[in-house]
Amino acid sequence: MAAEIQPKPQTRTPVLLNKIEASQDVVNTAVIIPKEDGVISVSEDRTIRIWLKRDSGQYWPSIYHTMPDSCSCMSFNPETRRLSMGMENGIISVSDSHQGRVTVVLFVLEMEWVLSTGQDKNFTWHCSESGTQLGLYRTTAWVSGLQFDVETRHAFVGDYSGQVTILKLELDSCSLVTTFKGHTGNVTALCWDPVQRVLFSGSADHSIIMWDIGGGKGTAIELQGHNEKVQGLCYAPHTRQLISCSSDGGIVIWNMDVTRQETPEWLDSDSCQKCEQPFFWNFKQMWDSKKIGLRQHHCRKCGQAVCGKCSAKRSTIPLMGFEFEVRVCDSCHESITDEDRAPTATFHDSKHSIVYMHYEPTMGWLLTSGADKVVKLWDMTPVVS
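Residues numbered from 1 in each chain as written. Predicted model: local features only at pLDDT ≥ 70, side-chain atom pairs only at ≥ 80, totals over all residues. Heavy atoms only, no water.

Let's shift gears to the UniProt feature "repeat: WD" (unreviewed entry) in the chain. Per the UniProt record, the feature "repeat: WD" (unreviewed entry) sits at residues 20-51, 180-213, 223-257 and 347-380. Annotated as 0% helix and 62% strand, the span residues 180-213 places its first and last C-alpha atoms 11 Å apart. Spanning residues 347-380, this segment combines 0% helix with 62% strand, and its end C-alpha atoms are found 13 Å apart. (UniProt positions renumbered as here; feature names shortened; annotations may be inferred. Helix = DSSP H or I, 4+ residues; strand = E, 2+ residues; numbered from the N terminus.)

Attention now moves to the sheet that holds strand 2 (residues 27-33). Read across the open sheet, the four strands follow the order 2-3-4-5; overall the sheet is antiparallel. This sheet does not close on itself; its edge strands, each paired only once, are strand 2 and strand 5 (59-66). The average undirected angle you get between the axes of adjacent strands in this sheet is 20 degrees. Sheet topology places strand 4 (residues 47-53) next to strand 5; seven bridges connect them, and they run antiparallel. Bridged to Arg-49 within strand 5 is Tyr-64. (Pairing = 2+ DSSP bridges. Axes fitted to C-alpha atoms, helices over the stretch in contact; angles between N-to-C directions.)

It is worth spelling out the sheet that holds strand 11 (residues 113-118) at this point. Taken in spatial order, the four strands line up as 10-11-12-13 in an open sheet, and their pairing is antiparallel. At either margin of the open sheet sits one strand with a lone partner, and together these are strand 10 (102-108) and strand 13 (133-138). Averaged over all neighbouring strand pairs, the angle between strand axes comes to 15 degrees, with direction disregarded. Relative to strand 11, strand 10 runs antiparallel, the two sharing six bridges. Bridge pairing in strand 11 links Val-104 to Thr-117.

The subject of this paragraph is unusual backbone geometry. Even without glycine at this site, Lys-121 takes up a positive phi of about 70 degrees. Inspection of the secondary structure assignment puts Lys-121 in the loop between strand 11 and strand 12 (122-127).

Checked against the element boundaries, Ser-70 lands in the loop between strand 5 and strand 6 (71-77). The sequence separation of Ser-70 and Glu-21 amounts to 49 residues, and the corresponding C-alpha distance is 19 Å. Engagement of the side chain of Ser-70 in a polar contact is seen with the backbone oxygen of Glu-44, the distance being 2.9 Å. (Polar contact = N/O pair within 3.5 Å; in protein donor to acceptor, adjacent residues only side chain to side chain.)

Once that is clear, we can look at the pairing of strand 18 (residues 187-193). Counting buried positions along strand 18 yields seven of seven residues, so the element is predominantly enclosed. In this sheet, strand 19 (residues 198-203) lies alongside strand 18 in antiparallel orientation, the contact comprising six bridges. Each residue of the ladder has a partner; that of Trp-192, found in strand 19, is Leu-199. Connecting strand 18 to the antiparallel partner strand 19 that follows it, the hairpin turn spans four residues, and Arg-197 within it adopts a positive phi of roughly 55 degrees. (Buried < 20%, exposed > 50% of the residue type's maximum accessible area, 1.4 Å probe, protein only.)

Here we take up the packing of aromatic side chains. Per the counting criterion, the structure on display carries seven aromatic pairs. Look at Phe-123 and Trp-125: their rings are 5.6 Å apart centre to centre, the planes differ by 35 degrees, and that puts the pair in the tilted class. As far as burial versus exposure is concerned, Phe-123 and Trp-125 are alike and both buried. Relative to Trp-211, the ring of Phe-180 has its centre 4.4 Å away and its plane inclined at 40 degrees; by these criteria the two rings are tilted. You can see Phe-180 sitting in strand 17 (residues 174-181) and its partner Trp-211 sitting in strand 20 (residues 207-212), a full 31 residues away along the chain. The residues Phe-180 and Trp-211 share a single accessibility class, namely buried. (Phe/Tyr/Trp six-rings, centres within 6.5 Å; stacked < 30°, edge-to-face > 60°.)

Encoded structure:
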């Protein structure tokens, strides 16, 4: 009797729903309009466009408005249908606020505040009704990421030095709560989950860090799954999944409903902590043992300082955030099981260099804007569920 042929398991991937290709320049920011087949975009070509889906299935600009300068960022509140704008010349929709390009603008409905940051290193907040500036904080580097927690009035500010600053905002003043730094490159994206009280930061160093703000333990979990700088982060709280994208077009879906481990601190040593061979700067041991000094490496699992011979093997360690193979020492490689290597993320290719993304959880749709001047709409329900 012929053997029964089993069907191959289907790989779940995002479904490309549509493309919007009529922009004359790169779309810096775009958002999906919930409950409507519509998209709002702002672009380097100074335009604001509202795209609505026609009977033909294509999106056409039903509203088209030209601004005085390039539109660098925006914030859209679907409840009030209010659009807050930031431009290249430093102007935001409520005030002439900055001396350089506005990098992030954020409307907070509960406070009636518009928060904004610029390349002039100023973080400001204004009354959205009167346009009055309520406060200003001077940052050490220009800001590239901004999030706000309504309950505590904490602003999370990520900048080009790789630092994240937490500020406590009042009506007309603010106080510095703390700063933390874990990235070696500039912060490119921030995402705040007010339920779990966790902050995600993405960076030009290709990494993502999950900061446990609410846990009180100072836990910082690294996620390594991109080959280029991280351009956007969105969190789906109902499924506890993180969506991230990078400039090489990669979209990664991270399962955050697992117990993750912090990466160890790298240990200092003048010799290999496995074979005790001296490292190349340890002249005394080199002379005493008549041996050539070796280059120092570190095991990503235990953090020990090891030579190349004692760390020749590679492995993924997904629960530590290493979805790609990394250097591990021989003893750690033996201790890692197949179950330990089970991936906690899925990888997808958007096929364009992403500059911005927006996730609309009520629809399960993802919007990506690319350097190719194309906006793509994706159905993420096959992978975010």
